[in-house]
Amino acid sequence: MSEADRGARETVPSPGAGRRLSAAIVGPGNIGTDLLVKLMRSELIDVHSVVGVIPGSDGLERARKMGVEASAEGVDWLLKQPTLPDLVFESTSAKAHLANAPRYEEAGITAIDLTPAATGPLVCPPVNLDTLSDAPNLNMITCGGQATIPIVHAVSSVVPVPYAEIVASIASRSAGPGTRANIDEFTQTTARAIEKVGGAGRGKAIIILNPVDPPMIMRDTVFCAIPPDADTGAIQESVEKMVAEVAVYVPGYTLRAEPQFDGPRDIWNGMARVAVFLEVRGNGDYLPPWAGNLDIMTAAAARVGEQIARRKATS
Amino acid sequence: MTEKTAEKIRITDSTLRDGSHAMAHRFTEEQVRGVVHALDAAGVEVIEVTHGDGLGGSSFNYGFSLEDDVKLVAAAVDEATRAKIAVLMLPGVGTVEDLKLAHDAGAAVARIATHCTEADVSLQHFAAARDLGMETVGFLMMAHRVEPDVLAKQARIMVDGGAQCVYVVDSAGALVLGDAQERISAVVKEIGHEAQVGFHGHQNLSLGVANSVLAQQNGALQIDGALCALGAGAGNSPTEVLVPTFERLGVPTGVDVQGVMAAADEVVKPFLHRLPFADRGAITQGYAGVYSSFLLHAERAAERYEVPAHEILQKVGEAGYVGGQEDMIIDVALQLRAERERAS
């Protein structure tokens, strides 16, 4: 999109689109940079600025080249600007977000948190986007959570799921320093969201980094404990419907095979099991398509930002 | 080897951790107590007790434990009079919270394992272990997958993060003699002046003991074994073979030869369902460089989807899957079955 197009859209919103919101991206690493590319395409969000802490970092340079104001002076700089953004998308680390979150709230900026800090309500668009509150802080869980919680929810809306477990495998190259320093937060936040958003009685999450070259496409496996007499046809139908819903905003979200059903076993406390094998091929906005973990996270976050814009327009 | 007395090495026995794979993670408290009692009496200084995939490993993906890890660690601590109890954890599977619970149960050594290129995911865990006052060991798994200099740099990251020893871990049993020697030498050169170096061998190509000897001769001071070779793939370097071998070489281990042979023969062998063996699947793992723990998972998938286990393992090796990706075994089995159906 050219600068002229963007200018035109700012003054003449497309019909029914409501007011455009401005948004800053804090943390221009892999996730922040991928998100920037997506927000530049948005018809509901203008990018206010990109904020980092490392002068000359690749993310800041890319933002400048795209015509976006970029600063290496951190959140202090952002909050000193004459016009503050409506939204901030934060993709730093859990620790950094915990420090920044109260400052955004004080400044009246709604935070969409892409770190596993998880201070605000957990959001997974196909499950609970419609019930979004006006909370000052919304958490995007984790990439593995965005890829798997829709499936846990699809199963738990058909049968009770006392336990669900997910395994997320991502290419090493797509895991930046924030992700690497926050492995525990990743597994804990994802596990909590499998319960609270996915609807499982108990959740467990596992993340694996794989350095193979050429890089492996993001893969996710969802295991759910289900009753021995579960209606497998209904579960399969629910899973397939959900895959189609996620594919609306992540076109590369696909099933590797039909859901696999295994009968009850003693070591599973007499429960049966469904296993769902997913592949998440990214849009290639920043890193190449193997980095589906970036794509599903940023596409989901952009969707949440746009939903907030729509709500503000109608309220 | 006769000109001067060799430095003492420390044997860590992993029967109750790596051996857990071969037991489908179904160790009983009674078995744990029996093994710890015998190893402790024989003078083994460190005994590792955890689910095969480490703390938090009990899962659909890796297999559910019969008994909770923390309960088994507490029993082992209770049984040991001299030995330290170690626990394994893989960042991404277990967490600092799991480590704290194990420490509360009396675990004294934290062994933090990552794939050989991903050492930086272990930093929060080394820091936590040191804060808890635990001895720390880094575990660079699948060490055959990178060149010695790359491995040495990863060992440096772990030492800078707080590891007091870093192991070269031959998870696939794929290192062939000189491969082990070169990796140990490179890691010793990088960290040897400030931390120890260890070696963890597997028997998929029957080289666990030979590689351990080469490791010691190149500066490793900690060596892993398991009684009756009980472990993933074709099993680990047998502790009861390592100890007499090192004694013959004049390398002190502090372990009693008769005691450790008795532990293997009288305590472990009677409860084994099958002795670790280099069958076609296990040899394929050593040959193709596949994570040893995948063996039983591949056998189960082979039975469920009617495709040969060694073909699954070969494909898994070609895809470059790493430790922890047990779910990919089912995926590969499904793809192989689909290929067969298309061909027939």
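Residues numbered from 1 in each chain as written. Chains lettered and ligands numbered in written order. Predicted model: local features only at pLDDT ≥ 70, side-chain atom pairs only at ≥ 80, totals over all residues. Heavy atoms only, no water.

Student: Describe the overall build of chain B, with residues and values.
Tutor: On a plain count of helices and strands, chain B comes out with 14 helices and eight strands. Judged by the C-alpha coordinates and their principal axes, chain B covers about 65 × 45 × 40 Å. The long-range share in chain B, meaning contacts at least 24 apart out of those at least 6 apart in sequence, stands at 77%. When the accessible surface of chain B is totalled, it reaches about 12,100 Å², and 50% of it is carbon and sulfur. (Helix = DSSP H or I, 4+ residues; strand = E, 2+ residues; numbered from the N terminus. Contact = heavy atoms within 4.5 Å. Areas by Shrake-Rupley, 256 points an atom, 1.4 Å probe, with all protein chains shown as cover.)

Student: I'd like a rundown of the pairing of strand S5 (residues 110-113) of chain A, residues and numbers included.
Tutor: All names here are of chain A. Neither face of S5 is left uncovered, since the one carrying Thr-110 and Ile-112 and the one carrying Ala-111 and Asp-113 both have all their residues buried. Note: strand S4 (residues 87-90) against S5, four bridges, orientation parallel. Counterpart to Val-88 in the pairing with S5 is Ala-111. A crossover links S4 with its parallel partner S5, the connecting element being helix H5 (residues 94-106), and its sense is right-handed. Relative to strand S6 (residues 137-139), S5 is paired through three bridges, and the arrangement is parallel. What sits directly across from Ile-112, in S6, is Leu-138. (Buried < 20%, exposed > 50% of the residue type's maximum accessible area, 1.4 Å probe, protein only. Pairing = 2+ DSSP bridges. Right-handed = clockwise from strand over helix to strand, strands pointing away.)

Student: Can you lay out the packing of helix H2 (residues 29-42) of chain B against helix H10 (residues 257-268) of chain B for me, pointing to particular residues and giving the numbers?
Tutor: Residues and elements named next belong to chain B. Their axes nearest at 8 Å, the elements H2 and H10 cross at an angle of 165°. When the axis of H2 is compared with that of H10, the two are roughly antiparallel. Between H2 and H10 lies a crossing whose hand is right-handed. From H2, Gly-34, Val-35, Ala-38 and Ala-42 reach across to H10, where they touch Gly-259, Val-260, Ala-263, Val-267 and Val-268. Of the residues that constitute the contact of H2 with H10, the class distribution is seven nonpolar, two polar and no charged. (Axes fitted to C-alpha atoms, helices over the stretch in contact; angles between N-to-C directions. Parallel < 35°, antiparallel > 145°, perpendicular 65-115°, else oblique. Left-handed = near helix turned anticlockwise from the far one by under 90°. Nonpolar A, V, L, I, M, F, W, Y, C, P; charged D, E, K, R; others polar.)

Student: Can you break down the interface of chain B and chain A residue by residue, with the values?
Tutor: Each side of the interface is counted separately: chain B has 38 residues, and chain A has 37 residues. Between chain B and chain A, a total of about 3,000 Å² is buried, with carbon and sulfur atoms accounting for 53% of that surface. Summed over the shared surface of chain B and chain A, the result is five salt bridges. Residue Arg304(B) pairs with Asp262(A) through a salt bridge whose shortest N-O separation is 2.7 Å. The interface formed by chain B and chain A holds 21 residue pairs in polar contact (both at pLDDT 80 or more) in total. (Buried area = accessible area lost by both parts, 1.4 Å probe. Salt bridge = Lys/Arg side-chain N within 4 Å of Asp/Glu carboxyl O. Polar contact = N/O pair within 3.5 Å; in protein donor to acceptor, adjacent residues only side chain to side chain.)

Student: Pulling in residues and values, what's your account of the packing of aromatic side chains?
Tutor: Counted by the stated rule, this structure contains eight aromatic pairs over all chains. For the ring pair Phe139(B) and Tyr167(B), a centre distance of 5.3 Å and an interplane angle of 40° mean the geometry is tilted. Of the two residues, Phe139(B) sits in strand S5 (residues 135-141) while Tyr167(B) sits in strand S6 (residues 165-169), which places them 28 residues apart along the sequence. For the pair Phe139(B) and Tyr167(B), one class covers both residues: buried. By the ring-pair criterion, three or more aromatic residues cluster together here, those being Tyr163(A), Phe223(A), Trp268(A), Phe60(B) and Phe64(B). For the cation-ring pair, Arg111(B) lies above Tyr167(B), with the distance from its terminal atom to the ring centre recorded as 5.1 Å. (Phe/Tyr/Trp six-rings, centres within 6.5 Å; stacked < 30°, edge-to-face > 60°. Lys NZ or Arg CZ within 6 Å of the ring centre and 35° of its normal.)

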